[in-house]
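# Summary of structural features
Here's the letter readout for the chains.
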Amino acid sequence: IKYYVRSQGDKEGSTKYSDAGLKAAYSKIDPKQDPRAISIASMNVGHSLKAFERWDNALQYYRRGYIYALADKNQLMVPNLLISIGNVYNGKGNDDSTLFYYRKTIAYCDSAKTDGAILTVLSTIGPFSFNKNKIDSALVYYQKALALARRYPRTEIHQFYSLIEI
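Reading the values: rules and limits
Residues numbered from 1 in each chain as written. Predicted model: local features only at pLDDT ≥ 70, side-chain atom pairs only at ≥ 80, totals over all residues. Heavy atoms only, no water. Helix = DSSP H or I, 4+ residues; strand = E, 2+ residues; numbered from the N terminus. Buried < 20%, exposed > 50% of the residue type's maximum accessible area, 1.4 Å probe, protein only. Polar contact = N/O pair within 3.5 Å; in protein donor to acceptor, adjacent residues only side chain to side chain. pLDDT = per-residue confidence, 0-100. Contact = heavy atoms within 4.5 Å. Axes fitted to C-alpha atoms, helices over the stretch in contact; angles between N-to-C directions. Parallel < 35°, antiparallel > 145°, perpendicular 65-115°, else oblique. Left-handed = near helix turned anticlockwise from the far one by under 90°. Core = buried A, V, L, I, M, F, W, Y, C linked by side-chain atoms within 4.5 Å. Expected span 1.5 Å × (residues − 1). Arc of directions from axis to C-beta.

Turning to the overall build of the chain, a few remarks are in order. Tallying secondary structure elements over the chain gives nine helices and zero strands in all. The helix and strand sequence of the chain, counted from the amino end, reads α-α-α-α-α-α-α-α-α. Counting only residues that meet the buried cut, the chain has 41% of its 166 residues in that class.

What follows is the structure in structure tokens.
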């Protein structure tokens, strides 16, 4: 329902249905028994709130999701939530916190060996640095992403980086 309502341009309604889904998850699922369900529901609500630029509310849900993703040891959700937190700070114009969370995502991915997630954050922090006129930093992130993307020749990200390699 959330995605249909959002596709009709009703971000507030989308948030309402996301929040209802989260409340249902909390009422039906013991977070200690299934932290993954809570982390996914929290992330979905955060995405809806972020789309409506309700930054502080989105942060609240992303942080909650992050805590449960850590408890679940979910190596895909943790970096996605960290990137999402960084994106919220970017939306708020807080460059220091944005970089902190992007770098925290890279550190997590390095330790967990999650190449797909690290490609995502490198592809996020590169343009962020470029847009902040930190060309040298952007180049470093782009080069790291390119080197990693070459190991995955069928991914969209590899195709993107092979275009800019010219």
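Quick look at the side chain of Ser 39 now. On the secondary structure map, Ser 39 appears in helix 3 (residues 35-51). Separated by 2.9 Å, the side chain of Ser 39 and the backbone oxygen of Arg 36 make a polar contact.

Overall, the prediction assigns the chain a mean pLDDT of 81, with 74% of residues at 70 or greater. The least confident element of the chain, judged by mean pLDDT, is helix 9 (residues 156-164) at 49; the most confident is helix 5 (residues 77-92) at 95. Considering only residues more than four positions removed or in separate chains, one finds that residues 158-166, a stretch of pLDDT under 50, has 14 contacts.

With that settled, the discussion passes to the packing of helix 3 against helix 5. Contact geometry of helix 3 with helix 5 gives a least axis separation of 11 Å together with a crossing angle of 20°. When the interaxial angle is binned, helix 3 and helix 5 end up roughly parallel. Seen along the crossing, helix 3 lies across helix 5 with a hand that is left-handed. Only Met 77, Asn 80, Leu 81, Ser 84, Asn 87 and Val 88 of helix 5 make contact with helix 3, whose side of the interface consists of Ser 39, Ile 40, Met 43, His 47 and Lys 50.

A few words on the nonpolar core. With 19 residues, the main nonpolar core has Tyr 62, Val 78, Leu 81, Leu 82 and Ile 85 as its most contacted residues. The leading source of residues in this core is helix 5, at seven residues. When sequence neighbours within four positions are dropped, the list of residues in contact with Tyr 62 reads Met 43, Gly 46, His 47, Lys 50, Leu 81, Ser 84, Ile 85 and Val 88. In this structure, Val 121, Leu 122, Ala 145 and Ala 149 belong to the second largest nonpolar core, which totals 16 residues.

This part is about helix 8 (residues 135-149). For helix 8, which comprises 15 residues, the first-to-last C-alpha distance of 20 Å matches the rise-based estimate of 21 Å (1.5 Å per residue) to within 8%. Every buried residue of helix 8 is listed here: Ala 138, Tyr 141, Ala 145, Leu 146, Leu 148 and Ala 149. End-on view of helix 8: buried residues confined to an arc of 165°, all on one side of the axis.

This brings us to helix 6 (residues 95-112). Compared with the 26 Å implied by 1.5 Å per residue over 18 residues, the 26 Å span of helix 6 between its first and last C-alpha is a close match. Along helix 6, the residues classified as buried are Ser 97, Thr 98, Leu 99, Tyr 101, Tyr 102, Thr 105, Ile 106, Tyr 108, Cys 109 and Ala 112.

Within the chain, Lys 73 stands out as a residue other than glycine whose phi angle is a positive 55°. Considering the arrangement of structural elements, one finds Lys 73 in the loop between helix 4 (55-72) and helix 5. Taking relative accessible area as the criterion, Lys 73 reaches 70% and is therefore assigned exposed.

What follows is about the environment of Leu 59. Relative to the elements of secondary structure, Leu 59 occurs in helix 4. Considering only alpha carbons, one finds Leu 59 and Gly 46, 13 residues apart in sequence, at a separation of 6.9 Å.

Turning to the environment of Val 78, a few remarks are in order. With respect to the helices and strands, Val 78 occurs in helix 5. When its relative accessible area of 1% is taken as the criterion, Val 78 is described as buried. Sequence-wise, Val 78 and Tyr 68 are 10 residues apart; in three dimensions their C-alpha atoms are separated by 8.9 Å. If near-sequence neighbours (up to four positions away) are discounted, Val 78 is found in contact with Tyr 66, Ala 69, Leu 70 and Tyr 108.

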